[in-house]
Amino acid sequence: RATDWVVSRQRGDGAWVYGEAAHWGWIDNLHTGFNLETIDRLATLLGDDRWEEALRRGLDFYRRALFLEDGTPRYYTTSLYPLDPHSFAQGALTFLCLRRLQPDAVAFADRILDRGIEELWDERRGGFRFQKHRRCTQSAIHLRWSQAWMFRALCARLALHREGVSAP
């Protein structure tokens, strides 16, 4: 029932707003990815495909509205910045998880990860910077927010590669 409720809140264009209250009306990268990945996981665990069309619409919206073609994630539908490791990681995880719905999803996940490394990796310090804004970068290296999420996404990609799943 909880999943049906979430799916019922999906807009016609495939988006979900952050929350029900008027002041939570934004659409962001992280939570869109969380919704998609969680609905897919529940569908798999329950052996239920009734949310497949919602997943397809949501993933199409996610890619179209929350990513640039080069794989750079937009933080909100209204703003590219800040570039955040969590958005790169969640994007890659979502496209890897839902790869059956888009033929080039694995290649797109690879682009997302490549862009995350290009934009946020600090070679000297050996970690991902916290956030890059239009005019400045927050260079702190946070274990939970930055490193753990990028590590999780890179490991998920590596695991698929080891299973023989590669980008076309």
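Given the structure is predicted, the values throughout are model-derived calculations rather than measurements. (Residues numbered from 1 in each chain as written. Predicted model: local features only at pLDDT ≥ 70, side-chain atom pairs only at ≥ 80, totals over all residues. Heavy atoms only, no water.)

Quick look at the packing of helix α4 (residues 85-97) against helix α6 (residues 143-162)
Our working rule: Here, axes are lines fitted to C-alpha atoms. For helices the fit covers the stretch in contact, and angles between N-to-C directions go from 0 to 180 degrees. Secondary structure is summarised from DSSP: a helix means a run of H or I of at least four residues, a strand means a run of E of at least two, and numbering begins at the N terminus for each. By definition in this entry, angles of less than 35 degrees are roughly parallel, angles greater than 145 are roughly antiparallel, angles of 65 to 115 are roughly perpendicular, and the rest are oblique. Note: crossing handedness is left-handed where the near helix turns anticlockwise from the far helix by less than a right angle, and right-handed where it turns clockwise. Two residues qualify as a contact provided that any one of their heavy atoms is within 4.5 Å of a heavy atom in the partner residue.
It is at 8 Å that the axes of α4 and α6 come closest, and there the two elements cross at 25 degrees. What the angle tells us is that α4 and α6 run roughly parallel. Taken as a pair, α4 and α6 cross one another with a handedness that is left-handed. Each of P85, H86, F88, A89, Q90, A92, L93 and L96 in α4 lies in contact with α6, whose residues at this interface are W145, S146, W149, M150, R152, A153, A156, R157 and L160.

Here's the deal with the packing of aromatic side chains
Spelled out, the test is: By convention, a stacked pair of Phe, Tyr or Trp rings (six-membered ring in the case of Trp) has centres within 6.5 Å and planes under 30 degrees apart, an edge-to-face pair has planes over 60 apart, and any other such pair is tilted. Working definition: with a 1.4 Å probe on protein chains only, accessible area under 20% of the residue-type maximum means buried, over 50% means exposed, and in between means partly exposed. We call a charge positioned above a ring when the Lys NZ or Arg CZ atom is no farther than 6 Å from the ring centre and deviates by at most 35 degrees from the ring normal.
As enumerated under the stated definition, the model contains ten aromatic pairs in all. Between Y18 and W26, the ring centres sit 4.5 Å apart and the planes meet at 15 degrees, which makes this aromatic pair stacked. Between Y62 and F95, the ring centres sit 5.6 Å apart and the planes meet at 15 degrees, which makes this aromatic pair stacked. In this pair, Y62 is assigned in helix α3 (residues 52-66) and F95 in helix α4, connecting sequence segments 33 residues apart. We note that Y62, like F95, is buried. Taken together, the ring pairs connect Y62, F67, F95 and F108 into an aromatic cluster. Sitting above the plane of the F108 ring, R63 keeps its charged end 3.9 Å from the centroid.

Observations concerning unusual backbone geometry
Note the cis peptide between Y81 and P82, where omega equals 5 degrees. With respect to the element layout, P82 can be found in the loop between α3 and α4.

Here's the deal with the side chain of R129
Test applied: Positive: Lys, Arg. Negative: Asp, Glu. His and the chain ends are not part of the count. The salt bridge definition used is simple: a Lys or Arg side-chain nitrogen within 4 Å of an Asp or Glu carboxyl oxygen. Polar contact criterion, stated in full: a pair of N or O atoms within 3.5 Å, where within protein one must be able to donate a hydrogen and the other to accept it, and residues adjacent in sequence count only if both atoms are side-chain atoms.
When you line up the elements, R129 lands in the loop between β2 (127-128) and β3 (131-132). No salt bridge is formed by the buried R129, whose closest oppositely charged neighbour, D122, lies at an N-O distance of 4.1 Å. At 2.9 Å, the side chain of R129 forms a polar contact with the backbone oxygen of W121. Setting aside its immediate chain neighbours within four residues, R129 contacts P85, E119, L120, W121, D122, T137, Q138, S139, A140 and S146.

Re the layout of surface pockets
The criterion, for reference: Here a cavity means grid points, on a 1 Å grid over the protein atoms only, where a 1.4 Å probe fits yet cannot get out; a pocket means an open set of points with protein on both sides within 12 Å along at least five of seven lines; lining residues are those with an atom within 4 Å of a point. Grid points are joined across faces, edges and corners, and a volume is the space filled by probe spheres set on the points.
In this structure, the largest pocket spans a volume of roughly 170 Å³. Contributing to the lining of the largest pocket are W5, V6, R9, W16, V17, Y18, G19, E20 and N35.

Regarding the pattern of salt bridges
For the structure shown, the criterion picks out 16 salt bridges. The salt bridge involving D70 is made with R115; its shortest N-O contact spans 3.3 Å. In this pair, D70 sits in the loop between α3 and α4 while R115 sits in helix α5 (residues 105-120), placing the two residues 45 residues apart along the sequence. Owing to a relative accessible area of 13%, R115 belongs among the buried residues under this scheme. In this structure, the salt-bridge partner of K132 is E119, at a minimum N-O distance of 2.6 Å. Pair noted here: K132 is in strand β3 and E119 is in helix α5, with a separation of 13 residues, a long-range link. What makes K132 partly exposed here is its relative accessible area of 26%. On the basis of relative accessible area, E119 is assigned to the buried category, the value being 15%.

Overview of the state of the cysteines
Here is the rule: Disulfide assignment relies on a single distance test, namely cysteine sulfur atoms paired within 2.5 Å.
Across all of its chains, the model carries zero disulfides by this definition. Sulfur of C97: no disulfide; nearest cysteine sulfur belongs to C155 and is 16 Å away. The class for C155 is partly exposed, based on a relative accessible area of 36%.

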